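The residues making up each chain are set out below.
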Amino acid sequence: MNKESVHLDPLIHTPVRLAVLSLLMAVEEADFMYLKEKTGATEGNLSTHLARLEEGGLISIEKTFFKKRPKTVCSITEEGKRRFHHYVSCLEALLSPEIPEENTSEG
Amino acid sequence: MNSHKAYEDVQLIKEMLSKTKRNVMESGKYFALWGYVILTAALCSDYIANSLGKPWVSHAIWLGAIAIGSLFTFLFISADKKRTRVTTFFDRIGGYMGGGFGIAFLLAGVVYPALGVYPYSTIPIITGMIAGTFLFITACLYQWKFLFGAAFIWWAATLAAALLPFNLQAWPIFFALIFGYIIPGHMLHYKERKGQRDE
């Protein structure tokens with residue numbers, strides 16, 4: 001993958017959505033308030049981004065109740081994991097130093 | 001997209017991953033609970049039941065203790081599950097491991113001796129050895145260094161119990177229960193509370 005061919009996933013390529021997916025990659029599941037606290041996003045902003053990620057099939061959202069209050073629990077899907085890994089590969093490609101043509105042909 | 005923006009994305013990913021490091025389900029209270037349950041059962045069984053000269057009282061005490069411990073564990077887990085804000089992969093593995101070792105303790109401490117597989121006098125040695133293994137794996141899983149010490153206390157205590165005459169075997173096990181289970185449980189509980197306050 002060279003830098004010119006790198007195409008970052010537009011569904012992930014926003015700070016809040018990238019932060020949410022990064023958090024969900026490291027845990028089994030997390031509730032809305034946890035994601036809000038860790039990402040520093042506002043409730044409305046986070047809700048919008050979570051809805052986009054769910055529509056795209058990157059996360060699944062389960063809504064339950066705890067002590068008569070709604071509780072939203074999010075987890076990353078297999079598709080979400082696959083696309084997150086691809087996104088990280090793209091970032092690695094963008095950050096990798098250019099290898100001169102003559103060196104790549106050696107060996 | 002330029003390299004600077006890509007670098008910012010990588011930093012964001014690293015920052016989010018570091019924020020999830022400390023999130024593990026509270027385990028200290030389970031350690032302390034089972035430590036007190038087993039210590040109480042062991043003391044009652046060793047002194048009350050044996051002085052009465054009725055082995056069935058000892059069995060009843062142990063079965064009652066396991067039932068009470070299991071009931072409180074179930075109630076705590078149910079409450080934690082509803083309240084918890086995040087569940088990590090380690091929590092899931094730790095949960096399965098706790099359940100698996102619970103079954104091993106039940107078989108080794110109650111079922112096999114009752115079936116006559118080995119004498120009752122070997123129960124503390126076998127269950128103590130399993131407790132040491134449980135603590136060692138837990139220490140590896142969560143990288144809690146002080147639990148390694150607790151595991152070695154249990155293994156040393158079971159070795160001491162195996163070498164001592166039967167009437168003295170309970171003492172190293174009591175020592176291991178206090179210093180290898182109850183005190184580490186309270187340390188863990190304190191550490192978890194401190195971690196929550198620092199967040």
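Everything that follows concerns the structure shown earlier in this document.
Computed from a predicted structure; not experimentally measured. (Residues numbered from 1 in each chain as written. Chains lettered and ligands numbered in written order. Predicted model: local features only at pLDDT ≥ 70, side-chain atom pairs only at ≥ 80, totals over all residues. Heavy atoms only, no water.)

Engineer: When you look at the sheet that holds strand E1 (residues 29–31) of chain A in this model, what are you seeing that I'm missing?
Structural biologist: Where strands meet in a sheet, backbone hydrogen bonds hold them as pairs that are either parallel or antiparallel. A sheet is described by the order of its strands in space; here four strands give the open sequence E2(A)-E3(A)-E1(A)-E1(B), paired in antiparallel fashion. Each edge of the open sheet is held by one strand with a lone partner, namely strand E2 (59–66) of chain A together with strand E1 (86–87) of chain B. Here two bridges tie E1 of chain A to E1 of chain B, and the two strands are oriented antiparallel to one another. In the sheet register, Glu29 of chain A faces E1 of chain B, and the bridge partner there is Thr87 of chain B. The strands touched by helix H2 (residues 32–39) of chain A are E1 and strand E3 (69–76) of chain A together with E1 of chain B; relative to E1 of chain A, the strand with the most contacts, the crossing angle is about 85°. (Pairing = 2+ DSSP bridges. Helix = DSSP H or I, 4+ residues; strand = E, 2+ residues; numbered from the N terminus. Contact = heavy atoms within 4.5 Å. Axes fitted to C-alpha atoms, helices over the stretch in contact; angles between N-to-C directions.)

Engineer: Would you take a moment to explain the side chain of Ser22 of chain A for this structure?
Structural biologist: Structurally, Ser22 of chain A can be placed in helix H1 (residues 15–26). Polar contacts involving the side chain of Ser22 of chain A include one to the main-chain carbonyl oxygen of Leu18 of chain A, which spans 2.7 Å. Non-local contacts of Ser22 of chain A, meaning those with residues more than four positions away in its chain, are made with Phe84 of chain A together with Ile13, Met16 and Leu17 of chain B. (Polar contact = N/O pair within 3.5 Å; in protein donor to acceptor, adjacent residues only side chain to side chain.)

Engineer: Looking at this model, I keep getting lost on the packing of H1 of chain A against H2 of chain A. Mind explaining?
Structural biologist: Any two packed helices are characterised by how steeply their axes cross, that is the angle between the axes, and by the distance between the axes. Residues and elements named next belong to chain A. Put simply, H1 and H2 touch, their axes get as near as 10 Å, and they point 120° apart. Relative to H2, H1 is oriented oblique. Both H1 and H2 take part in a crossing whose hand is right-handed. Residue-level contacts link Ala19, Val20, Leu23 and Leu24 of H1 to Leu35, Lys38 and Thr39 of H2. In terms of residue class, the contact of H1 with H2 is made up of five nonpolar, one polar and one charged. (Parallel < 35°, antiparallel > 145°, perpendicular 65-115°, else oblique. Left-handed = near helix turned anticlockwise from the far one by under 90°. Nonpolar A, V, L, I, M, F, W, Y, C, P; charged D, E, K, R; others polar.)

Engineer: What is the right way to read the pattern of salt bridges from this model?
Structural biologist: Overall, the coordinates contain seven salt bridges over all chains when judged by the stated rule. With a shortest N-O distance of 2.5 Å, Glu28 of chain A and Arg92 of chain B are connected by a salt bridge. Note that Glu28 of chain A is positioned in the loop between H1 and E1 and Arg92 of chain B in helix H4 (residues 89–114), a pairing that runs across two chains. Overall, the relative accessible area of 24% leaves Glu28 of chain A in the partly exposed class. Judged by relative accessible area, which is 39%, Arg92 of chain B ranks as partly exposed. Ionic contacts of the salt-bridge type, sharing partners, join the residues Asp9, Glu79, Arg82 and Arg83 of chain A into one network. (Salt bridge = Lys/Arg side-chain N within 4 Å of Asp/Glu carboxyl O. Buried < 20%, exposed > 50% of the residue type's maximum accessible area, 1.4 Å probe, protein only.)

Engineer: Got a minute to help me understand the interface of chain A and chain B in this structure?
Structural biologist: How big an interface is tends to be reported as the loss of accessible area on association of its parts. Taken together, the 28 residues of chain A in the interface contact 25 residues of chain B. In total, about 2,400 Å² of surface goes out of reach between chain A and chain B, with carbon and sulfur atoms giving 64% of it. Taken as a group, Glu28, Tyr34 and Lys38 of chain A account for 24% of the area that chain A buries against chain B, more than any other trio of residues on that side. Remark: the boundary between chain A and chain B carries one salt bridge. Linking chain A to chain B there are two residue pairs in polar contact (both at pLDDT 80 or more). Mapped by element, the contributors of at least two residues to the side of chain A that touches chain B are H1, E1, H2 and helix H4 (78–95) of chain A. Per-element tally for the side of chain A that touches chain B: the top contributor is H1 of chain A, with seven residues. (Buried area = accessible area lost by both parts, 1.4 Å probe.)

Engineer: Is there a simple way to think about a nonpolar patch on the surface in this case?
Structural biologist: On the surface, Ile103, Leu106, Leu107, Val111, Tyr112, Leu115 and Val117 of chain B cluster together into a nonpolar patch covering about 610 Å² of accessible area. Along the chain, Val111 of chain B falls in helix H4. (Patch = residues over 30% accessible without salt bridge, like charges linked within 9 Å, V, L, I, M, F, W, Y side chains within 5 Å. Areas by Shrake-Rupley, 256 points an atom, 1.4 Å probe, with all protein chains shown as cover.)

Engineer: I keep staring at the packing of aromatic side chains and nothing clicks. Help me out?
Structural biologist: Centre distance and the angle of the planes are the two values used to describe a pair of aromatic rings. All names here are of chain B. With the rule as written, the count across this model stands at 10 aromatic pairs over all chains. Between the aromatic rings of Phe152 and Trp155, the centroid separation amounts to 5.3 Å while the plane-to-plane angle is 85°, which identifies the pairing as edge-to-face. Within this pair, Phe152 and its partner Trp155 are both found in helix H6 (residues 145–163), separated by three residues, close to a single helical turn. Among the residues examined, Trp155 registers a relative accessible area of 26% and is labelled partly exposed. Of the aromatic side chains, those joined through ring pairs into one cluster are Phe136, Phe148, Phe152 and Trp155. (Phe/Tyr/Trp six-rings, centres within 6.5 Å; stacked < 30°, edge-to-face > 60°.)

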